[in-house]
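Chain by chain, the residues:
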Amino acid sequence: MHKDIKQVLFNEEEIIQRAKELGEQITNDYAGQQLVVVSLLKGAVYFTAELTKNIDLPVRLDFMISSSYGNDTSSAGSINVIKDLDEKIAGKHVLIIDDIIDTGLTLEKISKLLEMRNPLSVKTAVLLDKGARRVNEMNADYVGFAIPDEFVVGYGLDFAGDYRNLPIIGILKPAVFAKK
Ligand code: PRP
């Protein structure tokens, strides 16, 4: 185990297996359709790669980077898009992929923003759901694992930019927080 990790919640095998299951579910749900996957950088890169490999449909992959103006509003207008999609989504089925839903503000804002562009549908998939922290009604349509309210890193999730490349989801040692 990595020296800064207190506990491994999900190892690589478990994550790969869960991505397989979700991929099959998505393949069935969208049978006969095409899908535009919108991956939210940076955290979503690892889960996006793992999940989309298991979606047996014509998939187009696009990326977005956003930052929030704060937590006081959930309107789509308050989101700052740093990198927008390369392709148009009007008339397409859109699946937003993120590493984690926490307060729910990111997914709510991005969903609302993309819905304004007249897609056929907008759904969401996340690897992790930290339900205890939610501040709105947002829930992801496809969830890898529900997790407790702990600071987790790895598989795309960072602490101050570090640990994204760990091939597991783990809880960070409190001593690591204290140092920063
Ligand atoms: C993290 C994570 C989600 C969001 C979830 O992104 O990747 O996008 O926060 O939190 P929320 O549900 O409370 O909105 P972050 O802004 O840290 O960027 P990153 O993906 O580059 O790590």
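Just above sits the structure.
Conventions used here
Residues numbered from 1 in each chain as written. Predicted model: local features only at pLDDT ≥ 70, side-chain atom pairs only at ≥ 80, totals over all residues. Heavy atoms only, no water. Helix = DSSP H or I, 4+ residues; strand = E, 2+ residues; numbered from the N terminus. Polar contact = N/O pair within 3.5 Å; in protein donor to acceptor, adjacent residues only side chain to side chain. Pairing = 2+ DSSP bridges. Near = heavy atom within 4 Å. Areas by Shrake-Rupley, 256 points an atom, 1.4 Å probe, with all protein chains shown as cover. Nonpolar A, V, L, I, M, F, W, Y, C, P; charged D, E, K, R; others polar. Salt bridge = Lys/Arg side-chain N within 4 Å of Asp/Glu carboxyl O. Buried < 20%, exposed > 50% of the residue type's maximum accessible area, 1.4 Å probe, protein only. Core = buried A, V, L, I, M, F, W, Y, C linked by side-chain atoms within 4.5 Å. Contact = heavy atoms within 4.5 Å.

A. Examining the side chain of D129 more closely. Along the chain, D129 turns up in strand β6 (residues 121-129). Of the polar contacts made by the side chain of D129, one reaches the side chain of R134; its length is 2.9 Å.

B. Fine view of the sheet that holds strand β1 (residues 5-10). Read across the sheet, three strands follow the order β1-β9-β8 without closing on themselves; strand pairing throughout is antiparallel. Of all strands in the sheet, those with a lone pairing partner are β1 and β8 (152-153), marking the two edges. Note that β8 and strand β9 (residues 169-172) share two bridges and pair antiparallel. Looking at the pairing, V153 lines up with G170 of β9.

C. Local environment of the site of the ligand. D98, D99, T103, G104 and T106 are the nearest of the 14 residues found near the ligand. Within the backbone of D102, a nitrogen or oxygen atom sits 2.9 Å from an oxygen atom of the ligand. About the coverage of the ligand: the protein hides 70% of its 500 Å² of free accessible area. Elements with a contribution of two residues or more to the shell around the ligand: β5 (93-101) and α3 (105-115). The leading source of residues in the shell around the ligand is β5, at four residues. Across the shell around the ligand, the residue classes tally to four nonpolar, four polar and six charged.

D. A look at the pattern of salt bridges. What the rule picks out here adds up to 11 salt bridges. The salt bridge partner of R133 is D102, with a shortest N-O separation of 2.6 Å. One end of the pair, R133, is in the loop between β6 and β7 (142-146); the other, D102, is in the loop between β5 and α3, with 31 residues separating them in the sequence. The class of R133 is partly exposed, set by a relative accessible area of 37%.

E. Inspection of unusual backbone geometry at higher detail. Here the amide bond leading from L41 into K42 is cis, since omega sits at 0°, within 30 degrees of zero. Tracing the sequence through the fold places K42 in the loop between β2 (35-40) and α2 (45-52). Phi is positive for N118, close to 60°, though the residue is something other than glycine. Inspection of the secondary structure puts N118 in the loop between α3 and β6. Taking the relative accessible area as the measure of exposure, N118 reaches 58% and is therefore exposed.

F. The nonpolar core, seen in detail. In terms of nonpolar packing, the biggest core is built from 27 residues, with L95, L128, V152 and I169 touching the most fellow members. Only β1, α1 (12-29), β2, α2, β5, β6, β7 and β9 provide two or more residues apiece to this core. Sort the elements by how many residues they give to this core and α1 lands first, with four residues. When sequence neighbours within four positions are dropped, the list of residues in contact with V152 reads L9, I100, L128, I147, L157, I169, G170 and I171. Of all hydrophobic cores here, the second largest spans 18 residues; its members include I79, V94, L107 and L114.

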